Structures are given as C-alpha cells and as structure tokens.
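Spelled out from the first residue to the last, the chains are:
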Amino acid sequence: MSLKISRIVNGLQPSATLAMSAKAKELKAVGKTVYDLSVGEPDFKTPAHICAVAAAVMQLGRTHYTVASGLPELKKAVAESYQNQYGFEYSPSQIVIANGAKHAIHNSLTATLDPGDEVIIPAPYWVSYAELVKLTGAVPVVVQTEESNDFKIKPEQLAAAITPQTRMFLLCSPSNPTGCVYSPDELKTLAEIVVKNDLMVLSDEIYDQLIYSGVAFASFPTLLPDLHERTILINGVSKTYAMTGWRIGWSISPPDVAKKIGELQSQETSNPCSISQYAAIEALTGDQTCVAEMRAEFEKRRNYVQRRLAEIPDVTFPKIGGAFYAFFNIKPYLGRKYGGVTIDTSEQWCLELLTQKNVATVMGSSFGTEGYVRASFAANDTILENAFDRIRDFLVEAKS
Ligand code: PMP
Ligand code: GLU
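Residues numbered from 1 in each chain as written. Chains lettered and ligands numbered in written order. Predicted model: local features only at pLDDT ≥ 70, side-chain atom pairs only at ≥ 80, totals over all residues. Heavy atoms only, no water.

A look at the packing of helix 3 (residues 48-59) against helix 10 (residues 274-285)
Moving on, step 1. In contact at an axis separation of 8 Å, helix 3 and helix 10 are set at 140° when each is read in the N-to-C sense. One finds that helix 3 runs oblique with respect to helix 10. Helix 10 is crossed by helix 3, and the crossing has right-handed handedness. Residues His49, Ile50, Val53, Ala54, Val57 and Met58 of helix 3 form the contact with helix 10, whose participating residues are Ile275, Tyr278, Ala279, Glu282 and Ala283.
Moving on, step 2. In the contact of helix 3 with helix 10, the residues fall into 9 nonpolar, 1 polar and 1 charged. (Axes fitted to C-alpha atoms, helices over the stretch in contact; angles between N-to-C directions. Helix = DSSP H or I, 4+ residues; strand = E, 2+ residues; numbered from the N terminus. Parallel < 35°, antiparallel > 145°, perpendicular 65-115°, else oblique. Left-handed = near helix turned anticlockwise from the far one by under 90°. Contact = heavy atoms within 4.5 Å. Nonpolar A, V, L, I, M, F, W, Y, C, P; charged D, E, K, R; others polar.)

Some thoughts on the pairing of strand 4 (residues 139-144)
Regular strands place side chains that alternate from one sheet face to the opposite one.
Moving on, step 1. With 6 bridges connecting them, strand 3 (residues 118-123) and strand 4 associate as parallel partners. Considered in strand 4, the bridge of Val119 is made with Pro140. (Pairing = 2+ DSSP bridges.)

Quick notes on the site of ligand 2
Moving on, step 1. Neighbouring ligand 2 are the residues Ser15, Thr17, Leu18, Val39, Gly40, Lys102, Trp126, Asn176, Lys239, Tyr325 and Arg374.
Moving on, step 2. In this structure, Trp126 approaches ligand 2 through a side-chain N or O atom, which is 3.1 Å from an oxygen atom.
Moving on, step 3. At 2.9 Å, a side-chain N or O of Asn176 approaches an oxygen atom of ligand 2.
Moving on, step 4. Its free accessible area being 280 Å², ligand 2 has 90% of it covered by the protein chains.
Moving on, step 5. Judged by its atoms lying within 2 Å of the grid points, ligand 2 is housed in the largest pocket.
Moving on, step 6. Of the residues that constitute the shell around ligand 2, the class distribution is 4 nonpolar, 4 polar and 3 charged. (Near = heavy atom within 4 Å. Polar contact = N/O pair within 3.5 Å; in protein donor to acceptor, adjacent residues only side chain to side chain. Areas by Shrake-Rupley, 256 points an atom, 1.4 Å probe, with all protein chains shown as cover. 1 Å grid on protein atoms, 1.4 Å probe; cavity = no way out; pocket = protein on both sides within 12 Å on 5 of 7 lines; lining within 4 Å. Sits in = over half its atoms within 2 Å of the grid points.)

Focus: the packing of aromatic side chains
Moving on, step 1. Counted by the stated rule, this structure contains 17 aromatic pairs.
Moving on, step 2. A ring pair is formed by Phe328 and Trp349, whose centres lie 6.2 Å apart and whose planes are at 80°; its orientation type is edge-to-face. Of this pair, Phe328 sits in strand 9 (residues 325-329) while Trp349 sits in helix 12 (residues 346-357); the two residues are 21 residues apart in sequence, bridging distant segments of the chain. Summarising the burial analysis for this pair, Phe328 and Trp349 share the class buried.
Moving on, step 3. An aromatic cluster of at least three residues, connected via ring pairs, comprises Phe44, Tyr207, Phe298, Phe324 and Tyr325.
Moving on, step 4. Over the ring of Tyr278 we find Arg62; its NZ or CZ atom is 5.3 Å from the centre of that ring.
Moving on, step 5. A cation sits over an aromatic face here: Lys152 above Tyr182, 5.9 Å from the ring centre. (Phe/Tyr/Trp six-rings, centres within 6.5 Å; stacked < 30°, edge-to-face > 60°. Buried < 20%, exposed > 50% of the residue type's maximum accessible area, 1.4 Å probe, protein only. Lys NZ or Arg CZ within 6 Å of the ring centre and 35° of its normal.)

Purely geometric stuff here, so don't read any function into it on its own.
Structure (structure tokens):
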C-alpha cells in the first residue's frame, strides 16, 4: 500500500505563528529587511550563567538519558520555585518535565482525554490548543469572547457551553494572543463553575512571570482547595528565561495523573535533553535578576506599543496586562484597498502587510477570532518603531 495520511493528521492545521515566522525568515534569507512581530519568543540571549552551566555539564559528560519524566533535581527546583512564588507546595512526583510547554500540553491532553470528550476553549486562543485537542480525538468547543470584556470568558458563557460530554476547560492567563490577565476574583468565579460541573482544567501559565505593574495574578489551582485534584498546570523556561530553543516545559498534576503522563513520555520521546534540563535547574535556582530585567524591558515596550496603537484612528485593543502580545481590531479597515488590493480578512491583511511593508504579524483568524491581528513585542526598539510606523501607514493609506 502506498503511504497515506491519517484522518486526524490530515485535519490538522499547521502552527500559524510558526508559519508566519517562517515566511519572515524566508524574506530575510533573500536579503529583505523584515520587521518581525510574528513569533512570540523573547529576543534576549539566554542569560550567560545558564549557558555556562550547560557548557559545564557537557564537559562533565552529563549527556546521557535521564529519568524519562525528568531529572529529580529539576522537579525539585520546579516545586521550590512554586513554593517561593506562590507559597504553594507541590511534590516532585506531581511534575513531569517535557520538551517544552507545547509538548507538556500535548502529553497532558493525551493522558486525560478520550475521543468524543469536549474541551471548552475561549477564543481568541493560542494557535496550538484546538489542534492538540483534536489530535486526541476529543472535540474543541470554542467560546467566542468579546473585546469589550478584555477577551475574557464570562461565567455565564462558560456555564452555557457545558454539556454532558464536557470534560475540560482550557485556560490561558496571561493570554496569548491578547495579553489580558484574569483577576483572582474572575478566576475564582470560573473555578466555582468548574467544581460544580466536575470538570478538569488545563491552566497554561507560561507567562506568569510577565505580569506588568499594577496587575494582580493568581495561579489557578491555588484559588480553591478542590482545584488541585482537577487541574493540570503548564509552565516552562521558554518565556521567563529566554530559553525557547532549549525546549524545557512541564506539567504539574495530581501524582496518579503525573505518573501516567510520565509513562506516556517514556514511550514517546524518553527524557527531554539532559543538557537543557541542567540549564533549566540553573535558570530556576540561580540569580533571578535577569527575569526582573527582561520583564522591565517588556513593560517599557508594552507601554510604547499601546501608545503607538492608540494613535491610529479607529484601531482598538484591550489593555495589555501581561505576556508580550498586542491583539488589535482592524475591522473598520477591512473591505478597503491597500495599494490597489482589496483586503477582506485578517489573513489577507497580514500577508499584504508583509508583502507591501515588510512587517510580519499573525492573523486573528488563526487564534479563532477574525478581524484582529496579533503583534508580538518581543522585538527590539528599532524593529518596533519601524514596524508600527509601517502598520500605521498601511492602515491610514488604505482607501475605502
Ligand atoms: N503556551 C503558550 C500560551 C505559548 O504562547 C507558548 C509559546 N510557544 C507555549 C505554550 C509553548 O511554549 P514552549 O516553547 O515551552 O513549547
Ligand atoms: N508561543 C509562541 C507564539 O505564539 C511561539 C510559537 C509557537 O509555538 O506557536 O508565537
């Protein structure tokens, strides 16, 4: 039989963020200057003390398999970081170290969902959630949130989406792609609905160290005593320590679930890279000044980006409380002509912006919400200034 693609994989959308980033890289490779606000990854170098540990452990020969679910010392470091940060105690047996948070999400969904189970995902959502749910045979149930509510799901929306098949609620705060952060009270109200309806929760808190001044954040499972039993917490070193390429993330779940996630990983990939795991221990237990420095820089950029967007007539966006994304409304500008090309969708808008102005962004449609565009401000001042000059020009020069 000639090769065929499985039904599930055939139905899979490739990651739009990575696809836009690849397009920007292609243009750069042929010598074009591209102002790239597509992918969400810190533009800072991984701090030197972390890299030094990686180099040292390689010399020491710590380059072999580790326990499939991760080095015990790294699990301990993760547990201690939660103790320090939230005063909350997790046991290392609840932690599974994966090849990045994306992989931790994939493992967690695979370990807990059966075909036909429904997973409630508020939109706009990070591009991978719906696809990773579909890979398990479960069904993503997308609930559209409103800009007027800072793209946060309302309790009545969550309650209305629950059916007898609903198994899980998927939460991301601070949010990729909107930068919005649920308040502890908002989360508590959602948590009460979750408990009342006996749902599991996957809480992706990968941006928990990127919360800007005056914004309150709570880690979801700490809000009610009942939540630990039903929540899988996701985090990693990619965003906090500028370590996207090292591929270290983790899940924290009740010990019986964590055991199964670990067993799944033992068949799937074995352990994450040993060198990266040692580097992650240094990231979590070493000097934390780098985290505060990067956060301060991101906050400065957040202020700049909000100012630049606010200056463009008819463009609106919710206030950015965390992460490094702006999600702005271009609906008033759809249906107009840009350099002779009529643009009706956010996808066309992003592709034309890249072609005509050399600025890479990501269309709202790939996050489940049409009429918006995501710009990552994990980019330096020169890139941001040039990109927002061009975004402004592109919009204001469009003809009705
Ligand atoms: N969750 C969210 C919300 C993200 O934005 C990302 C970014 N890629 C991830 C998970 C995955 O991160 P990682 O690099 O650790 O796989
Ligand atoms: N999370 C980042 C983003 O949304 C990285 C790319 C990806 O993994 O999708 O751009």
